[in-house]
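# Structure at a glance
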4 protein chains.
Amino acid sequence: MPDASRRSERSRSAILRAAVALLEEKEYADLTVEAIASRAGVGKQTIYRWWGGRGPVVLDALIDHLGPDGPPSLPDTGDLEGDLRLVLRAIVAELADRRLSATTRALTIETLSSDEFAERMRDRLLRPQLDTIKERLRAARAAGQVRDDVDLDHAVELLIGPAYHRWMMRTGPLTEGYADDMVDLALTALRPAAVRSGAAGGAADSP
Amino acid sequence: MPDASRRSERSRSAILRAAVALLEEKEYADLTVEAIASRAGVGKQTIYRWWGGRGPVVLDALIDHLGPDGPPSLPDTGDLEGDLRLVLRAIVAELADRRLSATTRALTIETLSSDEFAERMRDRLLRPQLDTIKERLRAARAAGQVRDDVDLDHAVELLIGPAYHRWMMRTGPLTEGYADDMVDLALTALRPAAVRSGAAGGAADSP
Amino acid sequence: MPDASRRSERSRSAILRAAVALLEEKEYADLTVEAIASRAGVGKQTIYRWWGGRGPVVLDALIDHLGPDGPPSLPDTGDLEGDLRLVLRAIVAELADRRLSATTRALTIETLSSDEFAERMRDRLLRPQLDTIKERLRAARAAGQVRDDVDLDHAVELLIGPAYHRWMMRTGPLTEGYADDMVDLALTALRPAAVRSGAAGGAADSP
Amino acid sequence: MPDASRRSERSRSAILRAAVALLEEKEYADLTVEAIASRAGVGKQTIYRWWGGRGPVVLDALIDHLGPDGPPSLPDTGDLEGDLRLVLRAIVAELADRRLSATTRALTIETLSSDEFAERMRDRLLRPQLDTIKERLRAARAAGQVRDDVDLDHAVELLIGPAYHRWMMRTGPLTEGYADDMVDLALTALRPAAVRSGAAGGAADSP
DNA sequence: CGCTAACCGAGACGGTACGTCTCGTCTTAAA
DNA sequence: TTTAAGACGAGACGTACCGTCTCGGTTAGCG
């Protein structure tokens, strides 16, 4: 119904910037449509007209914030374990920081609350990030460092799923050591039998 | 301040039952204190007096609902892979069912929203469940089926983290095949080198 | 703070009509803000925004109900006693009727409860009514029917004060005879000595 | 139903004292049953058992407070005008004082709210006070200072009604001058024609 | 002189209304 | 027609009291 050609670019970007700013400095429960509108100096109706609610604004804001071109592809140094350690250490560092993980927290809450949001978030934000890891694994498989018979999507989830679980459920600290340990475990599972090296893990049980 | 000895057991259980019922039949956003009070035939003040808000009620309701004795310990048939497949298949089946997973969805949202809730939920609901898996793995390690050098907490997260990630992010279907595949991958990572069998996984890449 | 130019006339009048209707059909204690809002099909906030509570709404409702132009001026037939009997009989008849006096009862309770309400009620509702009587007495004084040295405000209170006292305190029936008797007594007090006729009153003592 | 012989005198008097104290230091709206019970160190049920609610407690409290023997009879110096001036000046002084008139305010509100309360208040508190004035007037009538044909109840209301009206409606200041003026006006109406002196009133109109 | 029934304080209970907050829609005036 | 502004109907929030009910613990009067 609204005529997109008349849409105010000034308002659009003010809204997205306000949403990101509020995400970073307040609890997600305080990120109300009224707060965004007020901070952006915009009428509430402008938000409801073009997005329809808080969720879609947050999604757009983060897409915009994290770079509309999507994440850069992972480096491929040839050292699979080293490359994956860098990725997982980065993920774990972001999750461990309350400020940095605020956006992920917001996205997760919204994802759990709305199917529609979940799909859009997955396709427009998450998938591109996971695909960078998947591509690295695909290259590794071509190089014979990963078994031919593993589903690469499963492989990605094996790598990062545990960290997200630990973050959400607060079951333990998110450290570099944890990241490295998980990379070891995952690679042990993924490497071809012939190539498989001896040890993974190495820590004793947590108390 | 309130005198617990005068607390009405009738009201307490009516409230918890109402909360579970509403969780299963409505969106989490519709689970208001007023709705719980009304459904339970109880004054709002009774909820605020003993719990203080929606979150703690939901937590208690689920602790009560899932059995106050905690989850039963896992069977140990000697077949580690078989036992773990049963566990992960059960988890995946619950997550795949919209009705059954409503409680987990609610808990996760509340966990992401409140630190205090997160801690209580982790200690009173989640930990006991994870510990049953941990104990099964400990037995397996004693039997030489799991490497001595893995942190069992990490092992548990390796096993179930991917499924929760897939559930939350909707990155793919949650099937028995997925559960079995993840058990294979995890066990490949966990088994001592000497015992390690050839294949894990087996599916081609998802499209 | 609210912008009066955007105020909804539809809501304003619906609220005032609802208040009058409820005043006439229920006890004053049942005249809650929620009941008014519900009956008027209006959000509670609209009442709190423009009035601030029950009292001011009731005041406005009655000002609106009794005619925003104020009471009509009293007739002046030249017969002072006759004119005043009409006034006091009308007052007494209204007070004697439970339904008709419901509004006066409400106003009086609110007046006794709030200084601010008391002032607004006096200036906007009561004073205009008392002034009509005062004007009639002023005309009578000009015609030599009332002594020059009486304070006309005192004269008005001498006339109507007893009836209100009897109504409030239920010390006796409010009849036409009572009204006439009080007019006689008051006029006896007010008439110039030269004009003063013999008898006032006439009833024997009440039992 | 309750057995009066077992009633606790300690509680009874604590409740009445608490009610009077709260009446004098708070708004009438703050005089809740819970506040009385708490101040008196008494269970709420004790109040509901013996009185049934706030109104009856207030009534009893004031009867108790103002002296259970009722008001003393008026002095009769032979000077009717002087005696009545004392009475009306006392009434007016009490009404003019916010603290002293708090009890009258409370009684009036309750009287307007409940028929049952109104009757009990009238018979047990008000009538005895009015009767002292009535008796003084009866003596005056016997002495030929008041006309034989006036209803003494009407005469009492003529005397005090205006002051109560002015108090309630805040239509003007309650001063000794006002009291004296009203006594003059009333006596002018009440005196036998033969005895009637020239002037009553004397103030010019209020501005 | 002990039993026992009613009182007592305390305060939890199911309710109702309060006054506030935020939602998502609707209305207005300016650009 | 879109915008900023903000009033609107709706309804949940958390609090205060209502009047009733349920506890143990006195306390008085009958046996």
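Residues numbered from 1 in each chain as written. Chains lettered and ligands numbered in written order. Predicted model: local features only at pLDDT ≥ 70, side-chain atom pairs only at ≥ 80, totals over all residues. Heavy atoms only, no water.

Looking now at the relation of the copies chain D and chain C. Each copy of the sequence occupies a distinct position, and chain D is placed on chain C by a rotation of 179 degrees and an axial shift of 0.1 Å, giving an RMSD of 0.2 Å. With respect to symmetry, the two chain copies, as superposed, fit the operation of a two-fold axis. Of the interface residues in chain D, 100% have counterparts in chain C that sit at the interface too, so the contact is made through matching surfaces. (Least-squares fit on C-alpha atoms with pLDDT ≥ 70 in both. Contact = heavy atoms within 4.5 Å.)

So, on to the domain arrangement of chain A. Residues and elements named next belong to chain A. Partitioning chain A into domains gives domain 1 (8-65) and domain 2 (80-190). Between the C-alpha centres of domain 1 and domain 2 the distance comes to 27 Å. The partner domain 2 presents 13 residues to the 11 residues of domain 1 that form the contact. Both faces considered, domain 1 and domain 2 share a buried interface measuring about 1,200 Å² in area, 70% of it formed by carbon and sulfur atoms. In this assembly, domain 1 and domain 2 are joined by three salt bridges. For Arg 54, the salt bridge identified is with Glu 110, shortest N-O distance 3.5 Å. (Domains from an automatic or database assignment. Buried area = accessible area lost by both parts, 1.4 Å probe. Salt bridge = Lys/Arg side-chain N within 4 Å of Asp/Glu carboxyl O.)

What follows concerns the UniProt feature "DNA-binding region" (unreviewed entry) in chain A. According to UniProt, the positions carrying the feature "DNA-binding region" (unreviewed entry) are residues 32-51 of chain A. The span residues 32-51 of chain A is 75% helical and 0% strand by assignment, and the distance between its end C-alpha atoms comes to 14 Å. (UniProt positions renumbered as here; feature names shortened; annotations may be inferred. Helix = DSSP H or I, 4+ residues; strand = E, 2+ residues; numbered from the N terminus.)

Contacts between the two partners involve 57 residues from chain D, matched on the other side by 57 residues from chain C. Looking at the side of chain D facing chain C, the largest losses of area belong to Leu 112, Glu 157 and Arg 170 of chain D, adding up to 14% of the total buried there. Counting the contacts that link chain D with chain C gives six salt bridges. Of the charged contacts, one joins Asp 115 of chain C and Arg 98 of chain D as a salt bridge, the two residues approaching to 3.5 Å between their closest N and O atoms. For the pair chain D and chain C, the interface holds 16 residue pairs in polar contact (both at pLDDT 80 or more). Those elements that place two or more of their residues in the side of chain D that touches chain C are helix H6 (102-113), helix H7 (115-142), helix H8 (152-169) and helix H9 (176-190) of chain D. Counting residues per element, the side of chain D that touches chain C draws most heavily on H8 of chain D, at 14 residues. (Polar contact = N/O pair within 3.5 Å; in protein donor to acceptor, adjacent residues only side chain to side chain.)

Facing the 57 residues of chain B at the interface are 57 residues of chain A. Both sides together, the interface formed by chain B and chain A hides about 5,000 Å², and carbon and sulfur atoms give 56% of it. Three residues stand out in chain B for area buried against chain A, namely Leu 112, Glu 157 and Arg 170 of chain B, and they jointly supply 14% of the buried area on that side. For the pair chain B and chain A, the interface holds six salt bridges.

Turning to the protein's contact with DNA strand E, a few remarks are in order. The environment of DNA strand E is made up of 38 residues, and the closest members are Gln 45 of chain A, Arg 49 and Trp 50 of chain B together with Gln 45 and Tyr 48 of chain C. In this structure, a base oxygen belonging to DNA strand E sits 3.4 Å away from a side-chain N or O atom of Arg 6 of chain C. Between Gln 45 of chain C and DNA strand E, the recorded distance is 2.6 Å, taken from a side-chain N or O atom to a base nitrogen. For the surface near DNA strand E, the secondary-structure elements that each account for two or more residues are helix H2 (33-40) and helix H3 (44-50) of chain A, helix H3 (44-50) of chain B, helix H2 (33-40) and helix H3 (44-50) of chain C together with helix H3 (44-50) of chain D. Taken together, the residues of the surface near DNA strand E sort by class into 10 nonpolar, 14 polar and 14 charged. (Near = heavy atom within 4 Å. Nonpolar A, V, L, I, M, F, W, Y, C, P; charged D, E, K, R; others polar.)

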